[in-house]
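Structure assessment
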Amino acid sequence: MSEQGHIGTNLAIWGVVTGSAVALLVAITPHWVVWGAVLLWLVLCWPSAILGISESESRRFLAGTLRQSSYTQIYTTLTRRNVMWVWRRYSDESSDRDTWPTLFRAALTWRLYDTALLLAVAYPLLLLVGQWVVTGGEGRVGGITVLPDAAFLPERAVLLTMFVLCSLNYIAWILRRGETRSRSRQRINWPLLAFVFTLFLIPIVIVAGQGLFTASAGAFVGLAFALTIPAMLTGVAAGALASVIALSVACTISLRLTGSGVLFFGWSVAVFVAVAAVRFDHTGKAQLGRVLVSLGILSVAILVVSLHAWSGIDENRRTLFLFLAVFPLINALFDVLSYAVTLSLLRRGLRSGWPVFWALLDLAIACVLFLALCATMVAAIHGLNLLAGVPLLDLGALFAGMRETPSAYVWLYLMLFSTILPTGLHLLVSLFGLQGIWPRAWRQPVAGWIESAPQGPALAVRAALALGLVWAIPLSLVVAVLWGLWAFGGGFVLAFLEGYFRVLLWIAHIPIGAF
């Protein structure tokens, strides 16, 4: 029988078993752990095994991995190419045999920090603009409506088209990098840079001159400019410039005409920092450029808050100032640490027999960084509130709102959880390495079944079923372990989070009795 015939027979049996199993589960309504384990096997592992044994090269690879003493080849095959591509782009050279601290130092580079700055600016805006483009519902930052309700035509359609064009421009720049890397240092496209700066200034002039703010212009232009920078400048810090732009937009929108002197001061310092960053990067002093940008943003934010009379600014615009001027820098500082930890532990896990151990270590460190990020955010907001003399963000109202209506603060959760996103991806990928729990003696018969699969439909069904179980059982054990941990330790987790919440209240100088 042909290999296509084997696929047809396998899929037919898989369809019958899947339909029967789902009907049985619906009838008896078991615990969600049972649902998770069965669906992992039926929806993910068994179909993947059917496709895997349908081609001769794939069969040889799968049989070979099953016979190896360390059954992690599938994990390394899936991850090594991608991990090394990211490493070559953002990290310093290192050996696969280096210790984890050495790998971490190699991963923590200024290139990675610049990327963290870019993502810290673009990621919240992408969430905001993406939600608005898809649903048409208003996009809100705190209490301010940044993007009003709109029909798809023309506003959302125009914004989507411009965003796609900017994204394609960015992708084209990435693809060109390999062709231009061997040339001498490329020169800055100053005419194009001047054109985009002019495009960027148009809505700012409207805001400053007429006191108006159309969110589509402001939110998109900042995002589009951040994504377009790498296409215009080679070797210049895209993230650094994007964060400076976000600071400038924050000052303009928040102060408008009520603080023209402070606004001019903020813009002057921002332009100086941007030009200096470009100069430092162009002359090969990228580290100094990043330090200057970080200190410049921090200094401008503190001085603007200290010098301006914020009592004349409504609360919504104060929140927007923090969202654009302060939060990205703090986020980026913790994100770059999280990214470096994830990259270095991924690289270390490639030579480990238990890559999931390094993923769990990554998760533990990411959770600590997340808790530290939240505490730092609260401390920074409280300090800026004291400098301003009025609450730029009412932490008491924020905490109360998060307790009473947590769904209203999705934007805040998503922004903070950017620190854990790469860690979550690492953990998911590392689960493929769990197959190593199978003893080699148990795997070798399955390897023989896979090699004999083309000899008949029954042999092909046996091979696919066995391989699917080899993959599914360790993943099902993970589901069961997670359930057990929550069932027996969930109370301790909730108690810890309650204590952590009290620490945040203490940092913000809010009486615990108020909650």
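In every chain, residue numbers begin from 1 and rise along the written sequence. With the structure being a predicted model, the display of local features is reserved for residues of pLDDT at least 70 and the display and counting of side-chain atom pairs for 80 or more, all residues being used for whole-chain, interface and lining totals. Note that the side-chain values use all heavy atoms of the structure and ignore hydrogens as well as water.

1. Points about the overall build of the protein
Per the secondary structure count, the protein includes 19 helices and 2 strands. Here the term buried applies to any residue with accessible area under 20% of the maximum for its type, exposed to any over 50%, and partly exposed to those in between, with areas from a 1.4 Å probe on protein chains only. For the protein, with 515 residues in total, the buried portion stands at 47%. Contacts between residues were defined by any pair of non-hydrogen atoms, one from each residue, lying within 4.5 Å. Sequence separation of 24 or more characterises 74% of the internal contacts of the protein that already satisfy a separation of 6 or more. Under the scheme used here, helices are H or I runs from DSSP no shorter than 4 residues and strands are E runs no shorter than 2 residues, and both carry numbers assigned from the N terminus.

2. What about helix α19 (residues 457-507)?
Structural remark: α-helix, 3.6 residues per turn; residues separated by three or four positions point the same way. The angle between axes fitted to the seven-residue stretch ending at a residue and the seven-residue stretch beginning at it gives the bend at that residue. Largest kink in α19: about 65 degrees, centred on Gly-489. Among the residues trailing α19, His-509 stands out with phi positive, at a value near 55 degrees.

3. Some words on the packing of aromatic side chains
Pairing of aromatic rings covers Phe, Tyr and the six-membered ring of Trp, with a centre-to-centre limit of 6.5 Å; geometry is then stacked below 30 degrees between planes, edge-to-face above 60, and tilted otherwise. Throughout the structure, instances matching the rule amount to 7 aromatic pairs. Geometrically, the ring pair formed by Trp-438 and Trp-442 is tilted, given 6.0 Å between the ring centres and 55 degrees between the ring planes. Assessed through its relative accessible area of 57%, Trp-442 is described here as exposed. Counted as over-ring charges are cases with an Arg CZ or a Lys NZ within 6 Å of the ring centre that also lie within 35 degrees of the ring normal. Arg-347 extends its terminal NZ or CZ atom over the ring of Trp-87, reaching a point 4.8 Å from the ring centre.

4. With respect to the environment of Ser-54
In this fold, Ser-54 is placed in the loop between α2 (32-52) and α3 (56-67). Residue class for Ser-54 comes out buried when judged on its relative accessible area of 17%. As for Ser-54 and Asn-10, which are separated by 44 residues in sequence, their C-alpha atoms are 9.9 Å apart. In the analysis that follows, any N or O atom pair within 3.5 Å is treated as a polar contact, provided that within protein one partner can donate a hydrogen and the other can accept it, and provided that, for residues neighboring in sequence, both atoms belong to side chains. Engagement of the side chain of Ser-54 in a polar contact is seen with the backbone oxygen of Leu-51, the distance being 2.6 Å.

5. Topic: the pattern of salt bridges
Should a side-chain nitrogen of Lys or Arg be within 4 Å of a carboxyl oxygen of Asp or Glu, the pair is scored as a salt bridge. This model, assessed by the stated rule, comprises 5 salt bridges. The closest approach of N and O atoms between Glu-57 and Arg-60, which form a salt bridge, is 2.1 Å. Placement of the pair is Glu-57 and Arg-60 together in helix α3, with a separation of 3 residues, close to one helical turn. For Glu-57, a relative accessible area of 47% gives the class partly exposed. Between Arg-80 and Asp-96 there is a salt bridge whose closest N-O contact spans 3.3 Å.

6. Quick word on the layout of surface pockets
The space that makes up the second largest pocket amounts to roughly 820 Å³. The wall of the second largest pocket is formed by 28 residues, among which Phe-370, Cys-374, Met-402, Tyr-500 and Leu-504 lie closest to the centre. Secondary structure elements with two or more residues in the lining of the second largest pocket: α14 (355-388), α15 (395-404), α16 (410-416) and α19. Three categories are distinguished: nonpolar for Ala, Val, Leu, Ile, Met, Phe, Trp, Tyr, Cys and Pro, charged for Asp, Glu, Lys and Arg, and polar for the others, with Gly belonging to the last. Taken together, the residues that form the lining of the second largest pocket break down as 26 nonpolar, no polar and 2 charged. Put plainly, a pocket is an open set of points on a 1 Å grid over the protein atoms alone with protein on both sides within 12 Å along at least five of seven lines, a cavity is a set where a 1.4 Å probe fits but cannot get out, and a lining residue has an atom within 4 Å of a point. Grid points are joined across faces, edges and corners, and a volume is the space filled by probe spheres set on the points.

7. Some thoughts on the confidence of the model for the protein
The predictor rates its confidence in each residue with pLDDT, a number between 0 and 100. For the protein, the average pLDDT comes to 76, and 73% of its residues sit at 70 or higher. Across the protein, helix α5 (residues 100-107) holds the top mean pLDDT of 93, while helix α8 (residues 190-210) sits lowest at 46. For the stretch residues 198-221, pLDDT sits under 50, and the model shows 40 contacts to residues farther than four places along the chain or on other chains. Low pLDDT, under 50, characterises residues 230-235; the predicted model gives this stretch 18 contacts beyond four residues in sequence or across chains.

8. Topic: the environment of Phe-321
Assignment of secondary structure puts Phe-321 in helix α13 (residues 315-349). For the pair formed by Phe-321 and Leu-247, sequence separation is 74 residues and the distance between their alpha carbons is 8.0 Å.

9. Looking at the nonpolar core
Residue types Ala, Val, Leu, Ile, Met, Phe, Trp, Tyr and Cys, when buried and joined through side-chain atoms within 4.5 Å, form a set referred to as a nonpolar core. Counting residues in each nonpolar core, the largest one holds 69 residues, and the members touching the most others are Trp-310, Phe-321, Leu-322, Val-326, Phe-327, Leu-395 and Phe-399. In terms of residue count, α13 provides more of this core than any other element does, 16 residues in total. Look past the residues within four positions of Leu-395 in its chain and what remains in contact with it is Val-378, Ile-381, His-382, Ala-508 and Ile-510.

10. Let's talk about the packing of helix α12 (residues 286-307) against α13
Each axis is a line fitted through C-alpha atoms, taken for helices only over the stretch in contact, and angles between the N-to-C directions span 0 to 180 degrees. At a minimum axis distance of 10 Å, the contact between α12 and α13 shows a crossing angle of 145 degrees. Of the two possible hands of crossing, α12 and α13 adopt the one that is left-handed. Contact residues: Ser-294, Ile-297, Leu-298, Ala-301, Val-304 and Val-305 in α12; Phe-321, Ala-325, Val-326 and Leu-329 in α13. Looking at the contact of α12 with α13 residue by residue, the class counts come to 9 nonpolar, 1 polar and no charged. Handedness of a crossing follows from how the near helix is turned relative to the far one, being left-handed for an anticlockwise turn of less than a right angle and right-handed for a clockwise one.

11. Some words on the environment of Tyr-113
Relative to the helices and strands, Tyr-113 is located in helix α6 (residues 110-135). Spatially, the C-alpha atom of Tyr-113 lies 9.3 Å from that of Ala-340, the residues being 227 residues apart in sequence. With sequence-adjacent residues up to four places away left out, Tyr-113 is seen in contact with Arg-290, Ser-294, Leu-329, Ala-332, Leu-333 and Val-336. In terms of polar contacts, Tyr-113 uses its side chain to reach the side chain of Ser-294, at 2.5 Å.

12. Digging into the packing of α2 against α19
Here α2 crosses α19 at 150 degrees, and the two axes come no closer than 8 Å. By the angle class used here, α2 and α19 are roughly antiparallel. Handedness of the crossing formed by α2 with α19: right-handed. Taken together, the residues of α19 that come into contact with α2 (itself represented by Trp-32, Val-33, Ala-37, Leu-40, Trp-41, Leu-44, Cys-45, Trp-46, Ser-48, Ala-49 and Ile-50) are Ala-464, Leu-465, Leu-467, Gly-468, Leu-469, Trp-471, Ala-472, Leu-475, Ser-476, Val-479, Ala-480 and Trp-483. Of the residues belonging to the contact of α2 with α19, the class tally is 20 nonpolar, 3 polar and no charged. Roughly parallel means an angle under 35 degrees; roughly antiparallel, over 145; roughly perpendicular, 65 to 115; everything else is oblique.

13. Description of the side chain of Arg-318
Along the polypeptide, Arg-318 turns up in helix α13. Here Arg-318 falls in the buried class, since its relative accessible area comes to 12%. A distance of 3.4 Å separates the side chain of Arg-318 from the backbone oxygen of Trp-310, its partner in a polar contact. Apart from residues lying up to four places away in sequence, Arg-318 is in contact with Trp-310, Ser-311, Ile-313, Val-390, Pro-391 and Leu-392.

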